[in-house]
Amino acid sequence: MGKGGKGTEAAAAGAGEEENMAAWLVAKNTLKIMPFKLPELGPYDVRVRMKAVGICGSDVHYLREMRIAHFVVKEPMVIGHECAGVIEEVGGGVKHLAVGDRVALEPGISCWRCRHCKGGRYNLCDDMKFFATPPVHGSLANQIVHPGDLCFKLPDNVSLEEGAMCEPLSVGVHACRRADVGPEKSVLIMGAGPIGLVTMLAARAFGAPRIVIVDVDEHRLSVAKSLGADAGVKVSTRAEDVGEEIERIQAAMGAEIDVSLDCAGFSKTMSTALEATRAGGKVCLVGMGHNEMTVPLTSAAIREVDVVGIFRYKDTWPLCIEFLRSGKIDVKPLITHRFGFSQKDVEEAFEVSARGRDAIKVMFNL
């Protein structure tokens, strides 16, 4: 269990104190607001009152299936990991934060002892304790306790909702770093869902001069173009259409495609990315639609197309916050729906998020 809190059995111990409530995933398609006991504050911890928490696709997947890959929800778990709030208490060893500070929270606590952590790639830590990844509790609660070094102070001109958006934005930032996106790189993005859109915004902030985005949905493409995509290409779900679609994608780019970022993660989208990218270019797999794929890897290899993947992110919050502060990235249009924190609100919010359609980011205001 992570820093966030203790199970419901311990909640009764807080008699006389303000009762901390959280949204618990208790069974398939069942969320309940129940007490959530906070642990003792450690010397390097802070207690944060949550103010903004977004719903991620992984939250919806856990709600529907009670598992993602080998991560299985075996007992009730607090949901949520995209979050920001206000500091209410600081441990004695925390010097960079004070009560009243508004902060965005990085949700993963790594061990800082393994080779990955020591080598600077702490996102690959085998002992990572990540919000709402079983058996670790999440952050959709009135209050949580979290390490102070994973709480990042927000500038006055960055809202708490924008602070919560640092988590999905971090995926896009990490992908752009892994793919070496820059001012001399034309970028293709496969998928105009929430992660595709934040990746597009990140690519532009990294200096990409031309961005083409691809999706099966015309509405998503129109949103992407309103957010700054240079062109959108509507495609089908049929594998036999890949050849013709690549011609249209390359025509829309009007130049060679240097970098492709697959934010969907299906056999067809990855095949398209591999075949559309120029010789010597790079493809980054961001989305995880399929666990296994059939893709033209030999064709990519003989053209020396480099293929990289990402897993979450590392050291992205300071840059995300600077992008938001400076106005290089505006995530506000992505927040399409807002809810409070009642039982009814929680149920309706997850229904809206799962339905998709015009919902991009659903946000709780606590």
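Anything mentioned here points back to the structure above.
Because the structure is a prediction, the values reported are computed rather than measured.

Calculation rules
Residues numbered from 1 in each chain as written. Predicted model: local features only at pLDDT ≥ 70, side-chain atom pairs only at ≥ 80, totals over all residues. Heavy atoms only, no water. Helix = DSSP H or I, 4+ residues; strand = E, 2+ residues; numbered from the N terminus. Expected span 1.5 Å × (residues − 1). Buried < 20%, exposed > 50% of the residue type's maximum accessible area, 1.4 Å probe, protein only. Arc of directions from axis to C-beta. Polar contact = N/O pair within 3.5 Å; in protein donor to acceptor, adjacent residues only side chain to side chain. Contact = heavy atoms within 4.5 Å. Core = buried A, V, L, I, M, F, W, Y, C linked by side-chain atoms within 4.5 Å. Salt bridge = Lys/Arg side-chain N within 4 Å of Asp/Glu carboxyl O. Pairing = 2+ DSSP bridges. Axes fitted to C-alpha atoms, helices over the stretch in contact; angles between N-to-C directions.

Visitor: Explain helix 7 (residues 242-253) here, please?
Guide: Owing to its 3.6 residues per turn, the α-helix aligns residues three or four sequence positions apart on the same side. Taking 1.5 Å of rise per residue, 12 residues should cover 16 Å, and helix 7 covers 16 Å from first to last C-alpha, within 8% of that figure. Three or more residues of helix 7 are buried, namely Val242, Glu245, Ile246, Ile249, Ala252 and Met253. The buried residues of helix 7 occupy an angular sector of 125° when the element is viewed end-on, so they sit on one face. The outward face of helix 7, more than 90 degrees from its buried face, is lined by the exposed residues Glu247 and Ala251.

Visitor: It is not clear to me how the side chain of serine 271 should be interpreted in this structure. Could you clarify?
Guide: Within the fold, serine 271 resides in helix 8 (residues 267-276). Look at serine 271 and you get buried, because its relative accessible area is 11%. Side-chain polar atoms of serine 271 contact the backbone oxygen of serine 267, separated by 2.7 Å. Every residue in contact with serine 271, bar those within four places of it in the chain, is listed here: Thr294, Val295 and Pro296.

Visitor: I tried to follow the nonpolar core on my own but got confused; where do I start?
Guide: Soluble globular proteins: nonpolar side chains tend toward being buried together. Counting residues in each nonpolar core, the largest one holds 62 residues, and the members touching the most others are Val181 and Leu261. In this view, valine 181 contacts Cys176, Val187, Ala203, Phe206, Ala208, Val259 and Leu261; residues no more than four positions away in its chain are not counted. Val73, Phe131, Leu140 and Val346 belong to the second largest nonpolar core, which has 40 residues in total.

Visitor: Help me out: how do you make sense of the pattern of salt bridges in this one?
Guide: Within this structure, the stated rule accounts for 19 salt bridges. Between glutamate 89 and arginine 47 there is a salt bridge, with its nearest N and O atoms 3.0 Å apart. Of this pair, glutamate 89 sits in strand 7 (residues 82-90) while arginine 47 sits in strand 3 (residues 45-54), and the two are 42 residues apart along the sequence. With relative accessibility at 34%, the residue glutamate 89 sits in the partly exposed group. Ionic pairing is found between arginine 303 and glutamate 275, a salt bridge with its closest N-O pair at 3.8 Å.

Visitor: Hey, could you run me through the sheet that holds strand 2 (residues 30-35) in this one?
Guide: In any sheet, the strands associate via hydrogen bonds between backbone groups, in a parallel or an antiparallel arrangement. Sheet architecture is open: 3 strands sit in the order 2-1-6, paired in antiparallel fashion. With one partner strand each, in any of the chains shown, strand 2 and strand 6 (77-78) form the two edges of the open sheet. Pairing between strand 1 (residues 21-27) and strand 2: 6 bridges, direction antiparallel. If you follow tryptophan 24 over to strand 2, its bridge partner there is lysine 32. Packed onto the sheet, helix 11 (residues 343-355) meets strand 1 and strand 2 and runs at close to 150° relative to strand 2.

Visitor: What is the right way to look at the environment of asparagine 29 in this model?
Guide: You can see asparagine 29 is positioned in the loop between strand 1 and strand 2. Each C-alpha atom of the pair asparagine 29 and histidine 219 lies 28 Å from the other, and the pair is 190 residues apart in sequence. When sequence neighbours within four positions are dropped, the list of residues in contact with asparagine 29 reads Leu63 and Arg64.

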